[in-house]
Amino acid sequence: MKFLSAFLLALAPLALALPTSVIETPVEAEEIAERACYVTCGSNCYTSAQVTAARNSGYNYVKQGGTAGGGSYPHVYNNYEGFDFLVSGTYYEFPLLPSGTYTGSSPGPDRVIFNKSGARAGEITHTGASGNAFVACSGW
Ligand SMILES: *[C@@H]1O[C@H](CO)[C@@H](O)[C@H](O)[C@H]1NC(C)=O
């Protein structure tokens, strides 16, 4: 009996170590979710935070008046393509960049679309569209 107790005591640290590896699994899953694309425009992968930051930045200009760098964004987007957006218009478009918030230089191909209240309408891109037209990004 003494031998058995000593044996179990020796195993105890091992048993305690096991649940730890089980606990790590949700953390790993969360890290993967953060890396996953919330929206994909052409081959550009955007997180939810990037999309939200672009929309908030664009909406701030609409609220306060003015444009990024004194340029042409944001401006009204007329939805000539007829996208079935998440909310109703009037719509505004603002550049969505992989490198950070748009400040007025080259807008790139990707856009966030939001309405006059700042509500998310969807994301669109010139990538894969003909001429100046847009196609929908995947994810909304
Ligand atoms: C923008 O969309 C939101 C959410 O659907 C809606 O409540 C709001 O009335 C819309 N704003 C305008 C100005 O259409």
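Residues numbered from 1 in each chain as written. Predicted model: local features only at pLDDT ≥ 70, side-chain atom pairs only at ≥ 80, totals over all residues. Heavy atoms only, no water.

By the naming in an unreviewed UniProt entry, the chain is ribonuclease T1, taken from Lentithecium fluviatile CBS 122367. Entered under Catalytic activity (unreviewed entry) in the UniProt record, the comment concerning the chain runs "[RNA] containing guanosine + H2O = an [RNA fragment]-3'-guanosine-3'-phosphate + a 5'-hydroxy-ribonucleotide-3'-[RNA fragment]." Per UniProt, the comment on the chain under Sequence similarities (unreviewed entry) is "Belongs to the ribonuclease N1/T1 family." (UniProt positions renumbered as here; feature names shortened; annotations may be inferred.)

Overview of the nonpolar core
Cys 41, Val 51, Phe 94, Leu 96, Tyr 102, Val 112 and Phe 114 are the most contacted members of the largest nonpolar core, which has 16 residues in total. At the level of elements, strand S1 (39–41), helix H2 (48–64), strand S4 (91–95) and strand S5 (110–115) are the ones that each hand at least two residues to this core. Per-element tally for this core: the top contributor is H2, with three residues. Beyond its immediate stretch of four places on either side in the chain, Leu 96 contacts Cys 41, Tyr 46, Gln 50, Val 51, Ala 54, Asp 110, Arg 111, Val 112 and Glu 123. Of all hydrophobic cores here, the second largest spans eight residues; its members include Phe 83, Phe 85, Ile 113 and Ile 124. (Core = buried A, V, L, I, M, F, W, Y, C linked by side-chain atoms within 4.5 Å. Buried < 20%, exposed > 50% of the residue type's maximum accessible area, 1.4 Å probe, protein only. Helix = DSSP H or I, 4+ residues; strand = E, 2+ residues; numbered from the N terminus. Contact = heavy atoms within 4.5 Å.)

Quick notes on the pairing of S5
Burial within S5 is extensive, with six of its six residues counted as buried. Side chains Asp 110, Val 112 and Phe 114 project from S5 onto one buried face, and the interleaved Arg 111, Ile 113 and Asn 115 project onto a second face that is buried too. Bridging between S5 and strand S6 (residues 120–125) involves five bridges; their strand directions are antiparallel. Residue Phe 114 lies in a different strand from S6, and its bridge partner there is Arg 120. (Pairing = 2+ DSSP bridges.)

Examining H2
Its 17 residues place the ends of H2 24 Å apart at the C-alpha level, agreeing with the 24 Å of an ideal helix rising 1.5 Å per residue. Looking at H2, one finds that the buried residues are Val 51, Ala 54, Arg 55, Ser 57, Gly 58 and Tyr 59. The inward-facing, buried residues of H2 abut S1, strand S2 (44–46), S4, S5 and S6. (Expected span 1.5 Å × (residues − 1).)

Section: the site of the ligand
In the vicinity of the ligand, the residues found are Val 87, Ser 88, Gly 89, Asn 115, Lys 116, Ser 117 and Ala 119. The contact in question runs from an oxygen atom of the ligand to an N or O atom on the side chain of Asn 115, over 2.3 Å. Taking Ser 117, its side chain carries an N or O atom lying 2.6 Å from a nitrogen atom of the ligand. Protein chains bury 49% of the 360 Å² of accessible surface belonging to the ligand in isolation. When the residues that make up the shell around the ligand are grouped by side-chain class, the tally is two nonpolar, four polar and one charged. (Near = heavy atom within 4 Å. Polar contact = N/O pair within 3.5 Å; in protein donor to acceptor, adjacent residues only side chain to side chain. Areas by Shrake-Rupley, 256 points an atom, 1.4 Å probe, with all protein chains shown as cover. Nonpolar A, V, L, I, M, F, W, Y, C, P; charged D, E, K, R; others polar.)

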